Amino acid sequence: CQLKLSDILHKNDRSKYDHYEESKKIIDYVQKGAVSGSELLGYSTGVKSLDFICNGLEKGKAYALGALKKCGKSRFAVYLSCLLAKQKVKVYWNSLEMTREQLNLLALSYYSGINSSMLGKSLLKRDLPNISFGMNNFYELGWNIYKDHHVYDMKSRILSLKEKPDIVFIDFIQKMQSNKYSNDRTREIENIAQ
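In this text the structure is predicted, and so the values were computed from the model without any measurement.

Peer 1: So what's going on with the overall build of the chain? Which residues, and what values?
Peer 2: The helix and strand tally for the chain stands at 8 helices and 3 strands. The N-to-C order of helical and strand elements in the chain reads α-α-α-α-β-α-α-β-α-β-α. Considering the chain as a whole, with its 194 residues, one finds that 37% of them fall into the buried category. The contacts of the chain with a sequence gap of at least 6 include a subset with a gap of at least 24, amounting to 60%. Accessible surface, the chain as shown: approximately 12,500 Å² in total, 53% of it carbon and sulfur.

The structure is reproduced here in C-alpha cells:
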C-alpha cells in the first residue's frame, strides 16, 4: 500500500487513491499476519498483529503513527477509536488536522461500511439500512473531539471532564505548543508527548 501510494504521489495522480479501500487493505493485511500471543498489557486495538507488536495500548504510554502524507493515518486512528469504543474505552481526540465533522464522517463510514466520499452525496436505498446501523453504533462511540493548540489547554480540558478518557489521540502533535523548550522543537514535542 505504501509503495502504491508512493507511485501515485510521484505521478501526481492522487485521484485514483481510495483511502477507504486502502486503509481496509492495510487492516486486513495486518490481521492476516497476526499471531496469537500472551495476555495483553493494555487495551486491545482490535487488530491482532498490532496487539501482538505493541501488546495492546497501555495507559500512560505514547504511541506515534507515522507514514507519508495523505495515506490515511487519521482514518486509521479513527478506525482504531471505533474498535476501542466497542470495548467501552473512552476516547478523547485533540485534532489539529481534521474538523469534528470530518472525524465523525470517518467514524460513520467505518460503522456503516460506506466510503466516506459517498456519505452526504446521492446514496442508494439499499445503503439506508447500513446508514441506520452505522448511526446506532456511532451513537455508542461517545468520543470527545477538541482543537487545543497548547498542551496545557488540552490537559486542563481533560482534567475538567467528568468522565476521564482512557485513550487520547493527538492529530497531529507537530502543530501543538508547550511553554517548555520553545527554542528546541524536538525537545518541545518530546515534552508534549510526555
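Peer 1: Give a detailed account of the nonpolar core, specifying residues and quantitative values.
Peer 2: Grouped together as the largest cluster of nonpolar side chains are 25 residues, with contacts concentrated most on Val78, Leu84, Trp93, Leu103, Leu141, Trp143 and Phe169. Looking at this core, the elements that each hand over two or more residues are helix 4 (73-85), strand 1 (91-95), helix 5 (100-112) and strand 3 (167-171). Ranked by residues supplied to this core, first place goes to helix 4 with 9 residues. If near-sequence neighbours (up to four positions away) are discounted, Leu103 is found in contact with Val78, Trp93, Ser95, Met98, Trp143 and Ile145. Counting residues in hydrophobic clusters, the runner-up holds 9 residues, among them Ile158, Leu161, Met176 and Ile189.

Peer 1: A description of the pairing of strand 1 should follow, citing residues and the corresponding values.
Peer 2: Looking along a regular strand, one sees the side chains alternate between the two faces of the sheet. The buried count for strand 1 comes to 5 of 5 residues, which makes it a mostly enclosed element. Side chains Val91, Trp93 and Ser95 project from strand 1 onto one buried face, and the interleaved Tyr92 and Asn94 project onto a second face that is buried too. Looking at chain direction, strand 1 and strand 3 are connected through 5 bridges and run parallel. Directly across from Ser95, in strand 3, lies its bridge partner Asp171. Sheet analysis places strand 1 next to strand 2 (residues 144-146), joined by 3 bridges and oriented parallel. Within strand 2, the residue paired with Asn94 across the bridge is Tyr146.

Peer 1: Let's hear about the environment of Lys73: which residues, and what values?
Peer 2: Mapped onto the secondary structure, Lys73 falls in helix 4. In this structure the C-alpha to C-alpha distance between Lys73 and Phe172, which are 99 residues apart in sequence, comes to 10.0 Å. Those residues within four positions of Lys73 in sequence are excluded, and the remaining contacts are Leu65, Gly66, Ala67 and Leu68.

Peer 1: Tell me what's going on with the confidence of the model for the chain, and back it up with residues and numbers.
Peer 2: Chain-level statistics for the chain give a pLDDT mean of 76 and a share of 78% at 70 or above. No element of the chain has a lower mean pLDDT than helix 1 (residues 2-11), at 50, and none a higher one than helix 7 (residues 151-160), at 90.

Rules behind the numbers
- Residues numbered from 1 in each chain as written.
- Predicted model: local features only at pLDDT ≥ 70, side-chain atom pairs only at ≥ 80, totals over all residues.
- Heavy atoms only, no water.
- Helix = DSSP H or I, 4+ residues; strand = E, 2+ residues; numbered from the N terminus.
- Buried < 20%, exposed > 50% of the residue type's maximum accessible area, 1.4 Å probe, protein only.
- Contact = heavy atoms within 4.5 Å.
- Areas by Shrake-Rupley, 256 points an atom, 1.4 Å probe, with all protein chains shown as cover.
- Core = buried A, V, L, I, M, F, W, Y, C linked by side-chain atoms within 4.5 Å.
- Pairing = 2+ DSSP bridges.
- pLDDT = per-residue confidence, 0-100.

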